[in-house]
Amino acid sequence: MEGDMLDATGGKGPIYIEDMKVGLTRHLDKTVTDRDIELFAEVSEDRNPVHLNDAYAKTTMFEGRIAHGMLTAALISAVIGEQLPGHGTVYLRQNMAFLAPVRPGDTVRAEVEVLEVDERKRRVTLATRCRVGKTVVLRGEALVLAPTRAAG
């Protein structure tokens, strides 16, 4: 389902630091459309023709148009900001590697998994990845400041 933000257990964020456990996961499934790519180009001002021009893109190593890598990465941000940990999260750091292209019409699964929890500092290290089918198209790691019940 486009925009689906449920994980295998049906859970949603926010997940407070007090409830974080290593191995906890959340994901989002999104089909990338031509309109998504056009809107991202407009907002980011990245109008590289490999994203927008079929004729040009066919002459590249990709042999066709691809989505912006950062559009794919933004899906990770959506999972972190909406689900794990969710609202109240502060993104501190992200590293990532782009491993394969995402094309218009591809359904991307953005996944986040808890690797480490530092409850004292409210910091959570997350594995981040995006897949199209079985192909990992993006892999990385994020550090976030998680919300806490104590703040409420």
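Structure first, text after, so check above.
Note that the structure is predicted; figures quoted are calculated from it, not measured.

*Asks:* I tried to follow the pairing of strand 5 (residues 135–145) on my own but got confused; where do I start?
*Replies:* Successive side chains on a regular strand alternate, one facing one side of the sheet and the next facing the other. Examined bridge by bridge, strand 2 (residues 90–98) and strand 5 share eight bridges and lie antiparallel to one another. Paired with alanine 97 across the strands is arginine 139, a residue of strand 5. Of the pairings in the sheet, the one linking strand 4 (residues 123–132) to strand 5 comprises 10 bridges and is antiparallel in character. Bridge pairing links threonine 125 to leucine 143 in strand 5. Once strand 4 ends, the chain turns through two residues before running back antiparallel as strand 5, passing glycine 133 with a positive phi of about 65°.

*Asks:* Is there a simple way to think about the pattern of salt bridges in this case?
*Replies:* Opposite charge on two side chains makes pairing possible when the charged atoms of those side chains draw close. Tallied over the entire structure, the rule returns eight salt bridges. With a closest N to O distance of 2.9 Å, lysine 30 and aspartate 36 form a salt bridge. Aspartate 36 matches lysine 30 in its accessibility class, with the two residues each being buried. Note that arginine 65 is salt-bridged to aspartate 34, the shortest N-O span being 2.4 Å. In this pair, arginine 65 is assigned in the loop between helix 3 (54–58) and helix 4 (69–82) and aspartate 34 in helix 1 (residues 34–44), connecting sequence segments 31 residues apart. With a relative accessible area of 14%, arginine 65 lands in the buried category. Salt bridges sharing partners connect three or more residues here, namely Glu111, Glu113, Arg129 and Arg131.

*Asks:* Explanation requested: the sheet that holds strand 5 in the structure shown.
*Replies:* By way of backbone hydrogen bonds, the strands of a sheet pair with one another, either parallel or antiparallel. Read from one edge to the other, the open sheet built from five strands follows the order 1-3-4-5-2, with strand pairing classed as antiparallel. Edge positions in the open sheet fall to strand 1 (25–31) and strand 2, since each of these has one partner strand only. Between one strand axis and the next, the sheet turns through 20° on average, direction left out of account. Together, strand 1, strand 2, strand 3 (107–118), strand 4 and strand 5 form the strand contacts of helix 4, whose direction differs from that of strand 3 by roughly 50°.

Cut-offs used in this document
Residues numbered from 1 in each chain as written. Predicted model: local features only at pLDDT ≥ 70, side-chain atom pairs only at ≥ 80, totals over all residues. Heavy atoms only, no water. Pairing = 2+ DSSP bridges. Helix = DSSP H or I, 4+ residues; strand = E, 2+ residues; numbered from the N terminus. Salt bridge = Lys/Arg side-chain N within 4 Å of Asp/Glu carboxyl O. Buried < 20%, exposed > 50% of the residue type's maximum accessible area, 1.4 Å probe, protein only. Axes fitted to C-alpha atoms, helices over the stretch in contact; angles between N-to-C directions. Contact = heavy atoms within 4.5 Å.

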